[in-house]
Amino acid sequence: MLGTDFRILALLFLCEEEIEMTEEILSAVDGQVFAVWFLIGAALVFWMQAGFAMVEAGFTRAKNTGNILMKNLMDFCIGTVVFILIGFSLLLGEDMIGLIGKPGFDIFTAYENFDFSNFVFNLVFCATTATIVSGAMAERTKFLSYCIYSGIISALIYPIEAHWIWGGGWLAQIGFHDFAGSCAIHMVGGIAALVGAAILGPRIGKFAKDKNGKVTKVNAFPGHNLPLGCLGVFILWLGWYGFNGAAATSVDQLGSIFLTTTIAPAVATVVCMIFTWIKYGKPDISMCLNASLAGLVGITAPCDVTDALGASIIGIVSGLLVVFGVWLLDYKLHIDDPVGAVAVHCLNGIWGTIAVGLFATTSAPGNDSVVGLFYGGGFGQLGIQLIGFAAVAAWTAVTITIAFLVIKKTVGLRVTEEEEIVGLDSCEHGLASAYSGFSIMDVSNTMTMEVNENTDLGESDYDAASETKKDAAVPVVQSIEPATGISKVVIVSRLSRYDHLKKAMNELGVTGMTVTQVMGCGVQKGAGEKYRGVEVDATLIPKVKVEVVVSKIPVEDVIEAAKKALYTGHIGDGKIFVYNVQRVVKVRTGEEDYLALQDVE
C-alpha cells in the first residue's frame, strides 16, 4: 500500500512539473508570436505611407501628383536618416528629468544589444507624423522647404513629445494614456498642418475677395482622382489595424482593439453620410472618405481601453467633427487645406485624446487602471488627458511656427505664382505629367478650363494683377477670317443626341463628319452641387463634338437641321459654332477648296 501511495505521489509531482513546463513553453511561444506580430504591425504602418500618398494625390489636382508622391516617399526616407542620427535616442534614450531621452549612437556603437524592433516600430510612427503635414500644404509648397520641415518634425518635434508619452517622460509618469497616437502623432501632425497652411496662404483662386480684402466666396477645387483617394483610405484602414494593434500583449486585447478600430470609423462614415445628405442634399463622397479616417484617428488613443459603446460614440462625434472642421477652415478661418488634414488629424486627434478620459473602462481586456468619467472614474483621468493635450499642443505650435518662419525667411516656403499655375510636377521635378500616356482633363486646372468660378485667380483688378495672372486668365489666340465660301460647323451636344444628329446630317447630304468625345465644362448658376460643402459652379458632362466642312450645302440648312435634331427643351441641349475656312486640300488627289469637298458633302 505504501509503495502504491508513493507511486501516486510521484506521478502527481511529475504531472505538476509537466504542467509548469507546458505553461512556460506556451508563455515563451506566446511571447515570440507577439514579437513577430509587433514587427508585422510595423510593416502595416509603413504601408500606410502608400495610403497617405494615394489620398493626397487623389484629393488634389493632376498637375501636382508627382510632387505629392515624391513628398510622401521622401518624408519616410528623410525621417529614417534623422531618426537614426538623433530622433530615436531623444524618444527612447535614458530619461533625462522627464523631458527628453539621452542622445546617443547605440545603433552604431552597440549594435549587438540594440533594440531593433523598437527602432523600426517607432520609425514608421514618426514618418506618419511628418506626412500628415504635406496634405494641408499641398500644391504650393517648395519641395526643398518640405524636405527641411519634414526633417525637423522627425528629428526634434515628434521624438521629444513622444518621449513624454511613451519614453518614460513626465506625461507617462502622471498617467497620461495615448495607446497608439491620437495625441502624439495625429494631433501633432494636424497642428503642424494647421500652422503651416496658415503661414503658407491659400492656393490661387481658393478664396474670392473684394477690394477691401474681405473673403466673399469660397471656391471648390475638386480632387482629380477620387478612385485613387478611396483606394488610399482603404489602405490606411488596413494599416490602422497594425497602427493600433501592434502593441497588444494578448489575443483578447488584440481582438478588442481590432473591434473598436472597426466600429469607430464605420459609425463615423455612416453619420457623415447622413449629415451631408441632409445638409447638402446629396451624400458627399470625399467628406465620407475623410470621415472614415476621422473615426480611425479618434479611436487611436482609447482603442485598448474602451468598449463597443464607447467606440460607437467616439465614431459619431468624429463623423460630425470632420464636417465641422472642413467648414471652419473654409468659411471662418479661411485656411486652405486641400485634403482635410486638419479636420481629420488635428480636431479628431484632440477628440481621441480627450475621449480616453470619458470612455475608458476596465471591461476592456488588459485595462485595470484607466477609467473614464462616464464609466465611474470621475474627472481624474480626464484632467490628466487635458493636461497632456495642452502641453503637447503648445510644444508643437511653438516649435513648428518657429521652423516655418525661419524657412520662410531663408529659403522661402512657397513657390512662385507661375509655378503654382503651371503645376509643381513640371516646375519642381521636370515631369511633364504623372500620367504620361493617359488623357487627363483636370476640371480645376486654371490654364485650360472655360469661364468658370473655379478659375478665379484671386485678383479682380486688372491693373493690380501680375503678368502671370493676366496670361493665365486671358490667353491670346490669333484668328484669320478669309472669304472662300467654305465653312466649318462645329456642333457640341449630349451623347444621347448623337444618333439623331448623325441621321439629320445624312438626310441633308452631309456624309463626311469628324466625331470626338469630349467633356463639357461651363457655368451653370444655381445648380447647387457641392464638393466638401462648397458650391461647385462648374459642371463636367460627357459630350460629343461633331465637325463638318461644307460649301455646296448652305450653312443655314446645316444649322437648322442640327437644332431640330438636338432640341429637347432643356438648357444645355447643345451649341453650334461656325467658322470660315481659309483653305481645304484633299491629300489623295491634290484638289483644293470647293473641289476637295465634293465627295464628302
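In this convention, every chain numbers its residues from 1, walking through the sequence in written order. Only residues with pLDDT of at least 70 are given local features in this predicted model, and only at 80 or more are side-chain atom pairs given and counted; all residues enter the totals for whole chains, interfaces and linings. The basis for the side-chain values is all heavy atoms of the structure; hydrogens and waters are excluded.

Colleague: Explain the overall build of the chain to me, please; I cannot follow it from the model alone.
Modeller: Labels follow the DSSP assignment, with helices taken as runs of H or I lasting at least four residues and strands as runs of E lasting at least two, numbered in each case from the N terminus. Helix and strand counts for the chain come out as 19 helices and ten strands. Within the chain, the fraction of its 601 residues that count as buried is 51%. Of the contacts made within the chain by residues no fewer than 6 positions apart, 77% connect residues no fewer than 24 positions apart. To measure how exposed things are, a 1.4 Å probe is used in the Shrake-Rupley method; for residues, cover is taken only from the protein chains shown. Taken as a whole, the chain presents about 27,800 Å² of accessible surface, with 64% of it coming from carbon and sulfur. Note on exposure labels: buried denotes an accessible area under 20% of the residue type's maximum, exposed denotes more than 50%, and partly exposed covers the range between, all computed with a 1.4 Å probe on protein chains only. Whether two residues are in contact is decided by their heavy atoms, any of which lying within 4.5 Å being enough.

Colleague: Honestly, the packing of helix 7 (residues 182-200) against helix 12 (residues 341-359) in this entry has me stumped. Any pointers?
Modeller: Relative orientation and spacing of two packed helices are given, respectively, by the angle between their axes and the distance between those axes. Axis lines are fitted to C-alpha atoms, over the contacting stretch for helices. Their N-to-C directions set the angle, which ranges from 0 to 180 degrees. In contact at an axis separation of 7 Å, helix 7 and helix 12 are set at 140 degrees when each is read in the N-to-C sense. Here helix 7 lies oblique to helix 12, going by the angle between them. Regarding helix 7 and helix 12, the two cross each other, and that crossing is left-handed. Contacts between helix 7 and helix 12 involve Ser182, Cys183, His186, Met187, Gly190, Ile191, Ala193 and Leu194 on the former and, on the latter, Val342, His345, Cys346, Gly349, Ile350, Gly352 and Thr353. Between 65 and 115 degrees an angle is taken as roughly perpendicular, under 35 as roughly parallel, over 145 as roughly antiparallel, and anywhere else as oblique. When the near helix sits turned anticlockwise from the far one by under a right angle, the crossing is termed left-handed; a clockwise turn instead gives a right-handed crossing.

Colleague: Would you mind going over the environment of Leu289 with me for this structure?
Modeller: With respect to the secondary-structure elements, Leu289 resides in helix 10 (residues 285-300). Accessibility expressed as a relative area gives 11% for Leu289, which makes it buried. A sequence separation of 55 residues divides Leu289 from Phe234, and the C-alpha atoms of the two residues are 9.2 Å apart. Excluding residues within four positions of it along the chain, Leu289 makes contact with Phe59, Gly229, Cys230 and Val233.

Colleague: Can you walk me through the environment of Gly485 in this structure?
Modeller: Tracing the backbone shows Gly485 in the loop between helix 16 (467-473) and strand 5 (487-494). Note on Gly485: relative accessible area 58%, which makes it exposed.

Colleague: Is there a simple way to think about empty space enclosed by the protein in this case?
Modeller: Regions of empty space are outlined by a rolling probe, equal in size to a water molecule, passed over the atoms. Put plainly, a pocket is an open set of points on a 1 Å grid over the protein atoms alone with protein on both sides within 12 Å along at least five of seven lines, a cavity is a set where a 1.4 Å probe fits but cannot get out, and a lining residue has an atom within 4 Å of a point. Grid points are joined across faces, edges and corners, and a volume is the space filled by probe spheres set on the points. For the coordinates displayed, the defined rule picks out three cavities of 30 Å³ or more. Of the pockets and cavities examined, the largest cavity occupies roughly 140 Å³. Contributing to the lining of the largest cavity are 17 residues, with Lys206, Val326, Asp330, Asp337 and Arg532 lying nearest its centre. Gly is put with the polar residues, along with every residue not named as nonpolar or charged; the nonpolar set is Ala, Val, Leu, Ile, Met, Phe, Trp, Tyr, Cys and Pro, and the charged set is Asp, Glu, Lys and Arg. Class assignment of the residues belonging to the lining of the largest cavity gives a composition of nine nonpolar, two polar and six charged. Phe52, Val55, Val339, Ala341 and His345 are the residues nearest the centre of the second largest cavity, which is lined by 13 residues in total. Of all elements in the fold, only helix 1 (2-58), helix 4 (116-136), helix 10 and helix 12 reach the threshold of two or more residues within the lining of the second largest cavity.

Colleague: Please explain the packing of aromatic side chains as it appears in this structure.
Modeller: Aromatic rings considered in pairs are described by the distance between their centres and by the relative angle of their planes. Ring geometry is summarised as follows: Phe, Tyr and Trp rings, the Trp one being its six-membered ring, pair when their centres sit within 6.5 Å, and such pairs are stacked at plane angles under 30 degrees, edge-to-face over 60 and tilted between the two. According to the stated counting rule, one finds 22 aromatic pairs in the structure shown. Summarising the aromatic geometry, the rings of Phe324 and Trp327 are spaced 5.9 Å apart at their centres and angled 35 degrees between planes, so their arrangement reads as tilted. Taken together, the residues span about one helical turn, with Phe324 and Trp327 both in helix 11 (residues 308-333) at a distance of three residues. Take Phe324: its relative accessible area is 39%, and that puts it in the partly exposed class. Their ring planes at 80 degrees and their centres at 6.2 Å tell us that Trp351 and Phe359 sit as a pair that is edge-to-face. For the pair Trp351 and Phe359, one class covers both residues: buried. Taken together, the aromatic side chains of Phe38, Phe121, Phe125, Trp166, Trp240 and Phe243 make up a single cluster linked through ring pairs.

Colleague: Sorry, what's going on with helix 13 (residues 380-410) here?
Modeller: One turn of the α-helix equals 3.6 residues, which is why residues spaced by three or four share an orientation. Here the expected length of a helix is defined as 1.5 Å per residue gap, with one fewer gap than residues. Taking 1.5 Å per residue, 31 residues should reach 45 Å; helix 13 reaches 46 Å between its end C-alpha atoms and fits that length. Of the residues flanking the end of helix 13, it is Gly412, one or two places downstream, whose phi is positive at about 90 degrees.

Colleague: I'm lost on the pairing of strand 4 (residues 215-218) in this one. Help?
Modeller: Strands pair, by our definition, only if DSSP identifies at least two bridges between them. Pairing of strand 3 (residues 207-209) with strand 4, which is carried by three bridges, proceeds in the antiparallel orientation. By the bridge assignment for strand 4, Ala208 is matched with Lys217. What sits between strand 3 and strand 4 in their antiparallel hairpin is a turn of five residues, with Gly213 showing a positive phi close to 85 degrees.

Colleague: Sorry if this is basic, but what is going on with the pattern of salt bridges here?
Modeller: Opposite charge on two side chains makes pairing possible when the charged atoms of those side chains draw close. By convention in these notes, a salt bridge is any Lys or Arg side-chain nitrogen within 4 Å of a carboxyl oxygen on Asp or Glu. Under the counting rule described, the total for this entry stands at five salt bridges. Linking Glu139 and Arg61 is a salt bridge whose minimum nitrogen-to-oxygen distance equals 3.0 Å. Separated by 78 residues along the polypeptide, Glu139 in the loop between helix 4 and helix 5 (143-166) and Arg61 in the loop between helix 1 and helix 2 (65-92) bring together distant segments of the chain. Residue Arg61 is classed as buried on the basis of its relative accessible area of 2%. Among the salt bridges present, the one from Lys488 reaches Glu547, with a minimum N-O distance of 2.9 Å. One end of the pair, Lys488, is in strand 5; the other, Glu547, is in strand 9 (residues 538-550), with 59 residues separating them in the sequence. The exposure class assigned to Glu547 is buried, which follows from its relative accessible area of 18%. The network of salt bridges with common partners includes Arg61, Glu139, Arg203 and Asp336.

Colleague: Help me understand the nonpolar core in this model?
Modeller: Soluble globular proteins tend to bury their nonpolar side chains together. Within this scheme, the nonpolar core is defined by two criteria: the residues are buried Ala, Val, Leu, Ile, Met, Phe, Trp, Tyr or Cys, and they are joined through side-chain atoms within 4.5 Å. Ranked by size, the top nonpolar core spans 108 residues in total, and within it Ile153 and Phe404 carry the most contacts. Other than its neighbours up to four places away in sequence, Phe404 contacts Val133, Met137, Tyr149, Ala192, Val195, Gly196, Ile199 and Leu413. Met505, Val555, Val558 and Ala561 belong to the second-largest nonpolar core, a separate cluster that totals 16 residues.

Colleague: Teacher, can you tell me more about helix 8 (residues 226-245) here?
Modeller: In this model, helix 8 (20 residues) spans 28 Å end to end at C-alpha, consistent with the 28 Å of a helix rising 1.5 Å per residue. Given a residue, its bend is the angle between the two axes fitted to the seven residues that end at it and to the seven that start from it. Gly239 marks where helix 8 bends most, by close to 30 degrees. Most of helix 8 is tucked away: 14 of the 20 residues are buried. Between the side-chain oxygen at the start of helix 8 and the backbone nitrogen of Leu228 there is a gap of 3.0 Å, and the oxygen is on Asn225. The definition of a polar contact used here is a pair of N or O atoms within 3.5 Å, where within protein one atom must be able to donate a hydrogen and the other to accept one, and adjacent residues in sequence count solely through side-chain atom pairs.

Colleague: Just to check I follow, could you spell out the side chain of Arg497 for this structure?
Modeller: For Arg497, the location among the structural elements is in the loop between strand 5 and helix 17 (498-508). Residue Arg497 is classed as buried on the basis of its relative accessible area, which comes to 18%. Within the structure, the side chain of Arg497 is placed 2.8 Å from the backbone oxygen of Ala565, a separation counted as a polar contact. Other than its neighbours up to four places away in sequence, Arg497 contacts Ala565, Leu566, Tyr567 and Thr568.

Colleague: Hey, could you run me through the confidence of the model for the chain in this one?
Modeller: Values of pLDDT, which run from 0 to 100, indicate the predictor's confidence residue by residue. Confidence in the prediction of the chain, expressed as mean pLDDT, is 86, and 83% of residues score 70 or more. Long-range and interchain partners of residues 443-455, a stretch whose pLDDT sits below 50, account for 41 contacts in this model, where long-range means more than four residues apart. Every residue in residues 476-480 is under pLDDT 50, and counting partners more than four places away or in other chains gives one contact.

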